[in-house]
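Architecture and fold: a report
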Amino acid sequence: DYIKICKSNDPDLAACITESVNALRPQLKKGIPELEVPPLEPLYLDEIKLRNGPSTAKLDANITNIRVWGPSNFKILDVKPNLAKKKFAFKVAIPHIRFEGDYDIDMNILLLKYKGVGAINGNFTDYSFDCVMKGHIMKIDGKDYLKFDRMLLKLYLGKSSIHLENLFKEDPIIAKATAAVINDNTDIFIKEIKPTLEKSLADKFTDIANKLTLKFTYQELFP
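We now turn to the structure provided with this report. (Residues numbered from 1 in each chain as written. Predicted model: local features only at pLDDT ≥ 70, side-chain atom pairs only at ≥ 80, totals over all residues. Heavy atoms only, no water.)

1. What about the side chain of Ser 72?
Note on placement: Ser 72 falls in the loop between strand 3 (57–69) and strand 4 (75–82). A distance of 2.5 Å separates polar atoms of two side chains, one belonging to Ser 72 and the other to Glu 41. (Helix = DSSP H or I, 4+ residues; strand = E, 2+ residues; numbered from the N terminus. Polar contact = N/O pair within 3.5 Å; in protein donor to acceptor, adjacent residues only side chain to side chain.)

2. Here's the deal with the pattern of salt bridges
Counted under the stated rule, the structure contains 8 salt bridges. One salt bridge in this structure joins Arg 67 and Glu 100, with 3.2 Å as the shortest N-O distance. Taken together, the positions of Arg 67 in strand 3 and Glu 100 in strand 5 (residues 87–109) put the pair 33 residues apart, joining distant regions of the chain. Using a relative accessible area of 28% as the deciding quantity, one classes Glu 100 as partly exposed. Between Arg 150 and Asp 203 there is a salt bridge, with the nearest N and O atoms lying 2.7 Å from each other. In this pair, Arg 150 is assigned in the loop between strand 7 (143–148) and strand 8 (152–156) and Asp 203 in helix 3 (residues 186–213), connecting sequence segments 53 residues apart. (Salt bridge = Lys/Arg side-chain N within 4 Å of Asp/Glu carboxyl O. Buried < 20%, exposed > 50% of the residue type's maximum accessible area, 1.4 Å probe, protein only.)

3. Digging into the nonpolar core
By size, the foremost hydrophobic cluster in this structure holds 64 residues, and its most contacted members are Phe 90 and Phe 189. Sort the elements by how many residues they give to this core and helix 3 lands first, with 11 residues. In contact with Phe 90, not counting residues within four places along its chain, are Ile 17, Ile 76, Asp 78, Val 79, Phe 129, Asp 130, Cys 131 and Met 133. (Core = buried A, V, L, I, M, F, W, Y, C linked by side-chain atoms within 4.5 Å. Contact = heavy atoms within 4.5 Å.)

4. Overview of the packing of aromatic side chains
Taken as a whole, this structure holds 7 aromatic pairs when the rule is applied. With a centroid separation of 5.6 Å and 45 degrees between ring planes, the pair formed by Tyr 218 and Phe 222 is classed as tilted. Taking relative accessible area as the criterion, Tyr 218 reaches 12% and is therefore assigned buried. Residue classification places Phe 222 among the buried positions, given a relative accessible area of 13%. Among the aromatic residues, ring-to-ring pairing joins Phe 88, Phe 148, Tyr 218 and Phe 222 into one connected group. Lying over the aromatic face of Trp 69, Arg 98 brings its terminal NZ or CZ to 4.3 Å of the ring centre. (Phe/Tyr/Trp six-rings, centres within 6.5 Å; stacked < 30°, edge-to-face > 60°. Lys NZ or Arg CZ within 6 Å of the ring centre and 35° of its normal.)

5. Points about empty space enclosed by the protein
Within the structure shown, the criterion is met by 3 cavities of 30 Å³ or more. Within this model, the largest cavity holds a volume of roughly 630 Å³. As for the largest cavity, its lining consists of 28 residues, of which Val 21, Leu 24, Phe 90, Ala 209 and Leu 212 are closest to the centre. Only helix 1 (13–30), strand 5, strand 6 (112–140), strand 7 and helix 3 provide two or more residues apiece to the lining of the largest cavity. (1 Å grid on protein atoms, 1.4 Å probe; cavity = no way out; pocket = protein on both sides within 12 Å on 5 of 7 lines; lining within 4 Å. Points joined across faces, edges and corners; volume = space filled by probe spheres on them.)

6. Some details on unusual backbone geometry
Each neighbour pair has its own omega, and for Glu 41 with Pro 42 the value is -5 degrees, a cis peptide bond. Looking at where Pro 42 falls in the secondary structure, it is placed in the loop between helix 1 and strand 1 (43–45). Here Glu 36, not a glycine, exhibits a phi torsion of approximately 60 degrees, which is positive. Residue placement: Glu 36 occurs in the loop between helix 1 and strand 1. Residue classification places Glu 36 among the exposed positions, given a relative accessible area of 53%. In this model, Asp 141 sits at a positive phi of 55 degrees, which is unusual for a non-glycine residue. Tracing the backbone through its elements, the reader meets Asp 141 in the loop between strand 6 and strand 7. Residue Asp 141 is classed as exposed on the basis of its relative accessible area of 76%.

7. Focus on the side chain of Glu 198
Within the element layout of this structure, Glu 198 appears in helix 3. Buried charged residue Glu 198 carries no salt bridge. Nearest counter-charge: Lys 194, at 4.2 Å. Reaching out from Glu 198, the side chain makes a polar contact with the backbone nitrogen of Leu 155 at a distance of 2.8 Å. For Glu 198, the residues in contact, after removing those within four places along its chain, are Leu 153, Lys 154 and Leu 155. (Lys, Arg positive; Asp, Glu negative; His and termini not counted.)

As structure tokens, then:
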């Protein structure tokens, strides 16, 4: 009942696909057990290693156990379907992403040296991405099914803020100053996080799409 079927000859196929995905969105957040679709949130990212820093700082860090919330709130801005080529191009906005993880850091900022571990969290707002999904027809038991290749996804950055807990916890003044320097250079973190986030989103959305399309014949999806 939450899967809206789009007819292949629909004069406004793009609008129908948008409506269909929007109807699925609440289900994607919590997962769809009957279709073997796992929850979209939290989204788990691979370990991120930072090995650079701004001109006034040295920054080596490992960020692990990264969980991301917010991808399921995506909004489709535009979709260009090409059923003949089994190709779909999307423009998507993600209003807000929140992440949590653990850090192990070694840094030297403005003559201040610090080594330590703790929790890291951050907020990203006004992000968007372009993606292209290209599929092909698979024959299974003599029937046609649509299977997608790995999605091509390009993420565009918005605003970001990052907070490291336990940083110079014995000296709140230094901790505040260091946090300000880190947030002034969040582009360093984002530069490293971006490829991992792109890969994770692409893998997750491709997997979800295929779990849906391989449960129904192509003729059932686009009669």
